[in-house]
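Here is how the chains run, residue by residue.
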Protein chains: 2
Amino acid sequence: MLQHRFFQKTLLGGIAPLLLSGMLITQVTPASASDHGHHKAHAKFNQAGELVRPANFREWVFIGAPVTPKDMNNGKPAFPEFHYAYIDPASWAHWKKTGEFREGAIIAKELVSVGSKSAASGSGYFPGDYGGPVAVSVKDSKRFAKSNNWGYFVFGDDKAQSAAADESCAGCHKTNAAQDMVFTQYWAPLRAASPKK
Amino acid sequence: MLQHRFFQKTLLGGIAPLLLSGMLITQVTPASASDHGHHKAHAKFNQAGELVRPANFREWVFIGAPVTPKDMNNGKPAFPEFHYAYIDPASWAHWKKTGEFREGAIIAKELVSVGSKSAASGSGYFPGDYGGPVAVSVKDSKRFAKSNNWGYFVFGDDKAQSAAADESCAGCHKTNAAQDMVFTQYWAPLRAASPKK
């Protein structure tokens, strides 16, 4: 399983101590028209080519929340357990007009544990707490031409560290994602808002 | 099960044909300071006291996505199956400052089916399509003093219709919700952003 291997290799094992503090931050994605005010988000990279963790992505536009519970994956899902996925507002606005991901699009995925399996509304999986790493993909045809224009980054619990994801992310997205390296097959908000639907 | 009874009674059985078109719409919640520009949302009620379906709540701030799958609830969960829940941006801003739900707060919950149980990321529940009704709660101490200041409304597939939820919504929230009639125990984004945590 590609993601599992990736998480073991990069997050659990060999995160390089990339201390971003003090490094020059350069903004490489030009400002794009957006009607979302302070919600404007642009991918920022440091001099090492590492993505800077996006701020406030929890306030971006939500696109879906699959759950791969521990008890359905022998205790070790690749991404434990809920995956809360978001797209930056400017790219959402572009998507609504075009049904395509703009240059500079950012998609963030944050993990949330399963808190309980029973509630007043029935049996199922109910969200618990944050705890896992944050994975972020950025569409940038110049930086990431080799991986179908998308780059992949993972941020661990320590917000000061990040690790460039290896080829496993891109490989899995290339093989399994429905549209332009994005798993739109699971993102009802995107499909419903696309003018191409 | 309260919700199940409610959905049977109100949505499947006895929705009154409340045709909202042509009715006078009055805005009763005063404008509140918000840094979310066009995202400002205010609860609107028609002359019959029915909430008008909020527009664009899919662009509000996401607060969580429990799933009560059919195959874990004898085929008939009260809310099939994913529950995508959102809070209006002005109330989110207020929450971040105070850890409380402001007067006029709106929380929307939309249902999404389970599309598959297996994906590249493992076994679990993966979102499918929209299809169920939209449930909306509004905090208004004048209108809903009898139910702890919150009113509950459900909008069926036909966007032109709505139905005032009966006491079952309020009863269940009163009994089971962790804070001020809201199921904050399942909403990691709210808990993490609260200054009271």
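Everything quoted here is computed from the prediction, not taken from an experiment.

Cut-offs used in this document
- Residues numbered from 1 in each chain as written.
- Chains lettered and ligands numbered in written order.
- Predicted model: local features only at pLDDT ≥ 70, side-chain atom pairs only at ≥ 80, totals over all residues.
- Heavy atoms only, no water.
- Helix = DSSP H or I, 4+ residues; strand = E, 2+ residues; numbered from the N terminus.
- Buried < 20%, exposed > 50% of the residue type's maximum accessible area, 1.4 Å probe, protein only.
- Contact = heavy atoms within 4.5 Å.
- Areas by Shrake-Rupley, 256 points an atom, 1.4 Å probe, with all protein chains shown as cover.
- Buried area = accessible area lost by both parts, 1.4 Å probe.
- Salt bridge = Lys/Arg side-chain N within 4 Å of Asp/Glu carboxyl O.
- Polar contact = N/O pair within 3.5 Å; in protein donor to acceptor, adjacent residues only side chain to side chain.
- Nonpolar A, V, L, I, M, F, W, Y, C, P; charged D, E, K, R; others polar.
- Least-squares fit on C-alpha atoms with pLDDT ≥ 70 in both.
- Lys, Arg positive; Asp, Glu negative; His and termini not counted.
- Phe/Tyr/Trp six-rings, centres within 6.5 Å; stacked < 30°, edge-to-face > 60°.
- Lys NZ or Arg CZ within 6 Å of the ring centre and 35° of its normal.
- Disulfide = S-S within 2.5 Å.
- Pairing = 2+ DSSP bridges.

Asks: What is the right way to look at the overall build of chain A in this model?
Replies: Of the regular secondary structure elements, chain A holds four helices and eight strands. Each helix (α) and strand (β) of chain A, taken in turn from the N terminus, gives the series α-β-β-β-β-α-β-β-β-β-α-α. Taken over 197 residues, chain A has a buried fraction of 53%. A fraction of 56% describes how many contacts in chain A between residues 6 or more apart in sequence connect residues 24 or more apart. On chain A, roughly 8,400 Å² of surface is accessible, and the fraction owed to carbon and sulfur atoms is 52%.

Asks: Would you mind showing me how to read the interface of chain A and chain B here?
Replies: How large an interface is tends to be reported as the accessible area lost when its parts come together. Chain A puts 51 residues into the contact, and the matching count from chain B is 51 residues. Both faces combined, the contact of chain A with chain B buries some 3,700 Å², and carbon together with sulfur accounts for 60% of it. The interface formed by chain A and chain B contains four salt bridges. With a shortest N-O distance of 2.6 Å, K96(B) and E59(A) are connected by a salt bridge. The interface formed by chain A and chain B includes 12 residue pairs in polar contact (both at pLDDT 80 or more). Elements that contribute at least two residues to the side of chain A that touches chain B include exactly β3 (61-64), β4 (82-87), α2 (89-98), β5 (106-119), β6 (122-139), α3 (167-176) and α4 (188-193) of chain A. Grouping the constituent residues of the side of chain A that touches chain B by class yields 27 nonpolar, 17 polar and seven charged.

Asks: Sorry, what's going on with the relation of the copies chain A and chain B here?
Replies: Here the two chain copies are tied together by a rotation about an axis and a shift along that axis. Mapping chain A onto chain B calls for a rotation angle of 180 degrees and an axial translation of 0.0 Å; the resulting RMSD is 0.0 Å. A rotation of that kind, with that shift, is consistent with a two-fold axis. Of all interface residues in chain A, 100% are interface residues in chain B too; the two copies therefore contact each other through one and the same surface.

Asks: Sorry, what's going on with unusual backbone geometry here?
Replies: What you tend to see is this: most non-glycine residues have negative phi, and most peptide bonds are trans. Residue and element names in this part refer to chain A. The step from P80 to E81 runs through a cis peptide bond, and the omega angle for that step is -5 degrees. Its location among the elements puts E81 in the loop between β3 and β4. The backbone of N56 shows a phi angle near 60 degrees, a positive value even though the residue is not glycine. Looking at where N56 falls in the secondary structure, it is placed in the loop between β2 (44-46) and β3. On the accessibility criterion, N56 (51% relative accessible area) is exposed. Phi is positive for N149, close to 80 degrees, though the residue is something other than glycine. Turning to its location among the elements, N149 is positioned in the loop between β6 and β7 (150-155).

Asks: Explain the side chain of E81(B) here, please?
Replies: All names here are of chain B. No salt bridge is formed by the buried E81, whose closest oppositely charged neighbour, K70, lies at an N-O distance of 5.1 Å. Of note is the side chain of E81, whose polar atom sits 2.8 Å from the backbone nitrogen of V114. With residues up to four places along the chain from it excluded, the contact list for E81 reads P66, V67, T68, P69, K70, V112, S113 and V114.

Asks: Any chance you could explain the packing of aromatic side chains here in plain terms?
Replies: What characterises a pair of aromatic rings is the spacing of the ring centres plus the angle enclosed by the ring planes. Applying the stated criterion to the full structure yields 30 aromatic pairs over all chains. A ring pair is formed by F57(B) and W60(B), whose centres lie 6.4 Å apart and whose planes are at 70 degrees; its orientation type is edge-to-face. In terms of burial, F57(B) and W60(B) fall into one category: buried. Grouped by ring-pair contacts, the aromatic residues F57(A), W60(A), F62(A), F82(A), Y84(A), Y86(A), F57(B), W60(B), F62(B), F82(B), Y84(B) and Y86(B) constitute a single cluster. A cation sits over an aromatic face here: R143(A) above F45(A), 3.9 Å from the ring centre. The positively charged end of R58(B) is found above the aromatic ring belonging to Y130(B), 3.5 Å away from the centroid.

Asks: Please clarify how the state of the cysteines should be interpreted in this entry.
Replies: Disulfide: a covalent bond formed between the sulfur atoms of two cysteine residues. Residues and elements named next belong to chain A. One pass over the structure, following the stated rule, counts zero disulfides over all chains. There is no disulfide at C169, and the cysteine sulfur nearest it, in C172, is 8.2 Å away. The buried category is assigned to C169, whose relative accessible area is 14%.

Asks: What is the right way to read the pairing of β7(A) from this model?
Replies: Residue and element names in this part refer to chain A. For β7, a buried count of six out of six residues is recorded, marking the element as mostly surrounded by other parts of the structure. Of the two faces of β7, the one carrying W150, Y152 and V154 and the one carrying G151, F153 and F155 are both buried. In this sheet, β7 lies alongside β6 in antiparallel orientation, the contact comprising six bridges. From the neighbouring strand, V138 faces β7, where its bridge partner is G151.

Asks: What is the right way to look at the environment of R58(B) in this model?
Replies: Among the structural elements, R58(B) can be located in the loop between β2 (44-46) and β3 (61-64). Ignoring any residue separated from it by four or fewer positions in sequence, one finds R58(B) in contact with V61(A), A192(A), Y86(B), E110(B) and Y130(B). Among the polar contacts made by the side chain of R58(B), one reaches the side chain of E110(B) at a distance of 2.7 Å. In this structure the side chain of R58(B) is engaged in a polar contact, spanning 3.3 Å, whose partner is the side chain of Y130(B).

Asks: Would you mind going over the pattern of salt bridges with me for this structure?
Replies: Any two side chains of opposite charge can pair, so long as their charged atoms come close to each other. On inspection of all chains with the given rule, the structure shows 16 salt bridges over all chains. Measuring nitrogen to oxygen at the nearest pair gives 3.8 Å for the salt bridge that ties D140(A) to R143(A). With relative accessibility at 36%, the residue R143(A) sits in the partly exposed group. A salt bridge links K117(B) to D71(B), with the shortest nitrogen-to-oxygen separation between them at 2.6 Å. A residue pair is termed long-range when its members are at least 10 positions apart, and K117(B) in strand β5 (residues 106-119) and D71(B) in the loop between β3 and β4 (82-87) qualify at 46 residues. You can call K117(B) partly exposed: its relative accessible area is 37%.

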